[in-house]
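Chain by chain, the residues run as shown.
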Amino acid sequence: MNYPLGLLERINGVKFNEPLAEHTTFKIGGPAEFWVEPQDTAELNSLIKAAKNKNIPILVIGAGSNILCADSGIKGIVISLNSDYFKKIEAKKDEILCGAGVRLASLVEKAHAFALGGIEFLSGIPGTVGGALTMNAGISENVRVSECQSVREGKKIRKIRSIGDIVEEVSVMDYAGNIMTLKRKELDFSYRRSNLSDYVILDANFKLFKKDKEEIKNEINKYLDYRKRTQDISSPSAGCIFKNPPQESSGRLIDLCGLKGKSIGDAFISLKHANFILNKGRAKAEDVLGLITLVKREVKVRFGVDLEPEIKIWQ
Ligand code: EPU
């Protein structure tokens, strides 16, 4: 594409044709036409305004943990908030203020160090705070019936816990370059979705509570152990491929279709958790998309359920 490169050359450190396979946990993806890591909000602002003026598409990447990127790559600018400016993290009293580029693991660690509880369930989720908020990342876990009185005694229910439950306010930049702070009541979260995808997230404030450090550590270990036991980290992946249908696990449905171990090229359905597709070496986006189509078809035929991808497909 023929963009006026002058505007991008004024931004420090712009890279051309940056291989996205190096920036995604799937280790899949062709080049980003432009890759920029703005050093602060002023640089981000000029980049966004310039791109808007010239009609250049922008995508924001976090830890690259929930993305399947086309083999042919991406036109336009990929923004990564990986500079120190966007990775500041500060704890005070019962809250943590955290830049969008901070890894969830660092946020959990900080909370533990300051004896702040309420965030342990994010342990083991690979992602940045900005990425996790945009897609309202989280977990599903079994809860005792007593915690949910509306359910018949004896029946287990799956409770969804997401990062949106514990965030108090979020600072964002809109795609006209304006900075604003969205308060709790202006934030709209539902399962794996938020109203933050119209913005670039800058930082977020989490409201937590004082808790015994030992208890926090035990909780963290419980979540990490569960993941280790039930999920496959032997090869690169993008985490769960599909969202869960209400009160159901997509992994369970795919498993019941007998699809564990199915492969196309080097893309392989995990033997441990059927909602994970692994890259066994040189998998292409096309191979993964082939498996996604196959899984959707089989689950629809067997259970009448339309699975919806949780991962973002960049093409
Ligand atoms: N199951 C199977 N076969 C499988 C996978 C699961 O029978 O191949 C069964 C399990 O035995 C269990 C039930 O399905 O009885 C639920 O499994 P699990 O606890 O692994 O939870 P999930 O609903 O499959 C969700 C999230 C995960 C999160 C886990 C643990 C989604 C799409 N997935 O999975 O999140 O780590 O709970 O809290 O919401 C992600 O979003 O990328 C992700 C991995």
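Residues numbered from 1 in each chain as written. Predicted model: local features only at pLDDT ≥ 70, side-chain atom pairs only at ≥ 80, totals over all residues. Heavy atoms only, no water.

Undergrad: Help me get a handle on the overall build of the protein chain, residues and values and all.
TA: Helix and strand counts for the protein chain come out as 7 helices and 21 strands. Compactness check: the protein chain gives a C-alpha radius of gyration of 20 Å against a globular reference of 20 Å for 315 residues, within 12% of the reference. Along the first, second and third principal axes, the C-alpha set of the protein chain runs to 65 × 50 × 30 Å. Considering the protein chain as a whole, with its 315 residues, one finds that 49% of them fall into the buried category. Sequence-distant contacts in the protein chain: of pairs separated by 6 or more residues, those separated by 24 or more amount to 65%. Total accessible area on the protein chain stands at roughly 15700 Å², and carbon and sulfur atoms take up 48% of it. The centroid of the 47 positive side-chain charges in the protein chain is displaced by 3 Å from the centroid of its 40 negative side-chain charges. (Helix = DSSP H or I, 4+ residues; strand = E, 2+ residues; numbered from the N terminus. Rg over C-alpha atoms; globule rule 2.2 N^0.38 Å. Buried < 20%, exposed > 50% of the residue type's maximum accessible area, 1.4 Å probe, protein only. Contact = heavy atoms within 4.5 Å. Areas by Shrake-Rupley, 256 points an atom, 1.4 Å probe, with all protein chains shown as cover. Lys, Arg positive; Asp, Glu negative; His and termini not counted. Charge placed at Lys NZ, Arg CZ, Asp CG, Glu CD.)

Undergrad: An account of the sheet that holds strand S1 (residues 15-19) is needed here, citing residue identities and associated values.
TA: The sheet built from 4 strands is open, its strands ordered S1-S2-S5-S3 with mixed pairing. The strands lining the two open edges of the sheet, one partner per strand, are S1 and strand S3 (58-61). Geometrically, the sheet is characterised by an average inter-axis angle of 45° between neighbouring strands, direction not taken into account. Here 4 bridges tie S3 to strand S5 (residues 74-80), and the two strands are oriented parallel to one another. (Pairing = 2+ DSSP bridges. Axes fitted to C-alpha atoms, helices over the stretch in contact; angles between N-to-C directions.)

Undergrad: Let's hear about the site of the ligand: which residues, and what values?
TA: The immediate surroundings of the ligand are formed by 22 residues, with Tyr-191, Tyr-226, Asn-244, Asp-255 and Glu-310 found nearest. A distance of 2.8 Å separates an oxygen atom of the ligand from a polar side-chain atom of Gln-231. In the model, a nitrogen atom of the ligand is placed 2.8 Å from a nitrogen or oxygen of the Asp-255 side chain. Listing elements by their share of the shell around the ligand, those giving two or more residues are strand S9 (138-143), helix H5 (213-230), strand S17 (237-240) and helix H6 (250-256). The element best represented in the shell around the ligand is H6, accounting for 3 residues. For the shell around the ligand, the residue count by class is 7 nonpolar, 8 polar and 7 charged. (Near = heavy atom within 4 Å. Polar contact = N/O pair within 3.5 Å; in protein donor to acceptor, adjacent residues only side chain to side chain. Nonpolar A, V, L, I, M, F, W, Y, C, P; charged D, E, K, R; others polar.)

Undergrad: So what's going on with helix H2 (residues 41-53)? Which residues, and what values?
TA: Helix length check: H2 (13 residues) gives 18 Å between terminal C-alpha atoms against 18 Å at 1.5 Å per residue, within 8%. Burial in H2 covers these residues: Thr-41, Glu-43, Leu-44, Asn-45, Leu-47, Ile-48, Ala-50 and Ala-51. Count one or two residues on from H2 and you reach Asn-55, which has phi positive near 60°. (Expected span 1.5 Å × (residues − 1).)

Undergrad: Mind laying out the sheet that holds strand S20 (residues 276-279), listing which residues take part and the relevant values?
TA: Read from one edge of the open sheet, 4 strands run S17-S20-S19-S18, paired in antiparallel fashion. Because the sheet does not close on itself, it has two edges, and the strands there are S17 and strand S18 (263-264). Sheet analysis places strand S19 (residues 267-269) next to S20, joined by 3 bridges and oriented antiparallel. The residue bridging Ile-269 from the neighbouring strand is Ile-277, located in S20. Sheet strands in contact with helix H7 (residues 285-303) are S18, S19 and S20, and its direction is about 30° off that of S19.

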